[in-house]
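Reading the structure
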Amino acid sequence: MNLGIGIPSACSDFSDPTVAFQTENGMLGVGPVAKALAVCDTYQNAGGINFVPVMGASAFDTAQSFAIIRSGRMSATVLGALQVSEKGDLANWASPGRKFGMGGAMDLCNGAKKVIAAMELVAKDGSKKIVKECSYPLTAVRCVDHIVTEQCVIDVTPEGLVLREIRQGKTPEDIQAQVEPKLIIPDDVKIMEE
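Owing to the predicted nature of the structure, the values given are computational and were not obtained by experimental measurement. (Residues numbered from 1 in each chain as written. Predicted model: local features only at pLDDT ≥ 70, side-chain atom pairs only at ≥ 80, totals over all residues. Heavy atoms only, no water.)

Examining the pairing of strand S3 (residues 27-33)
By the bridge criterion, 2 bridges tie strand S2 (residues 22-23) to S3 in an arrangement that is antiparallel. Among the inter-strand pairings, threonine 23 is bridged to a residue of S3, identified as methionine 27. Counting the residues between successive antiparallel strands, the hairpin from S2 to S3 contains 3 residues, one of them, glycine 26, with a positive phi of roughly 110°. Sheet analysis places S3 next to strand S4 (residues 51-59), joined by 4 bridges and oriented antiparallel. Bridged to valine 30 within S4 is proline 53. (Pairing = 2+ DSSP bridges. Helix = DSSP H or I, 4+ residues; strand = E, 2+ residues; numbered from the N terminus.)

Encoded structure:
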């Protein structure tokens, strides 16, 4: 599994130890985010975040890393998102006044078997990030399978966006008010584990 820059980088801190994480810049065996004495500049992901390698980690060049990504061997990727459309389109590399370059996300969206967008439900200015159509430049079309936020978990399906889990104290109506497309709300919406 590959972890993108930002919120996705924290996934290795909470994952099952049998999950093998990979970095775009050439490491298989990424462990938790490094803190205090564990920080070593040798071990950084593509976003420059220091991590602790797990026992048996393997380092290789970027070309080999992208060969793994493009070959379809990646089970999943967790990427940050500026916007996700109701069809699963992903925009995560540029917005007005913010341009960094696409990086490896376009390869990950097309090479991974599952794409998970990990993001805050709304932008800092309160604007909606889950939209009918992305207004920011696209990274990939119809690639997102799941959206995980601090308030809810949403599945992207051919029928539409399905609300699967909500945070304790939130209601489906609270989530719908912060999302542009109409959500499908099943009877068995779960409460998120915290």
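Text resumes after the structure shown.
Overview of helix H1 (residues 62-70)
Here H1 has its buried residues at Ser65, Phe66 and Ile69. End-on view of H1: buried residues confined to an arc of 90°, all on one side of the axis. Here the buried face of H1 lies against strand S1 (2-3), S2 and helix H2 (105-111). The N-cap residue of H1 is aspartate 61: its side-chain oxygen and the backbone nitrogen of alanine 63 are 3.2 Å apart. (Buried < 20%, exposed > 50% of the residue type's maximum accessible area, 1.4 Å probe, protein only. Arc of directions from axis to C-beta. Contact = heavy atoms within 4.5 Å. Polar contact = N/O pair within 3.5 Å; in protein donor to acceptor, adjacent residues only side chain to side chain.)

Structural notes on the pattern of salt bridges
If you walk through the whole model with that rule in mind, you get 5 salt bridges. Here aspartate 13 ties to lysine 35 by a salt bridge, and the two come within 3.7 Å at their closest N and O atoms. Of this pair, aspartate 13 sits in the loop between S1 and S2 while lysine 35 sits in the loop between S3 and S4, and the two are 22 residues apart along the sequence. For aspartate 13, a relative accessible area of 30% puts it in the partly exposed group. Of the residues examined, lysine 35 reaches a relative accessible area of 54% and is grouped as exposed. For arginine 167, the salt bridge identified is with glutamate 194, shortest N-O distance 3.2 Å. On the criterion of sequence distance, the pair formed by arginine 167 in the loop between strand S14 (160-166) and helix H3 (172-176) and glutamate 194 in the segment after strand S15 (190-191) is long-range, its members being 27 residues apart. (Salt bridge = Lys/Arg side-chain N within 4 Å of Asp/Glu carboxyl O.)

Any functional reading would require information beyond the geometric quantities listed.
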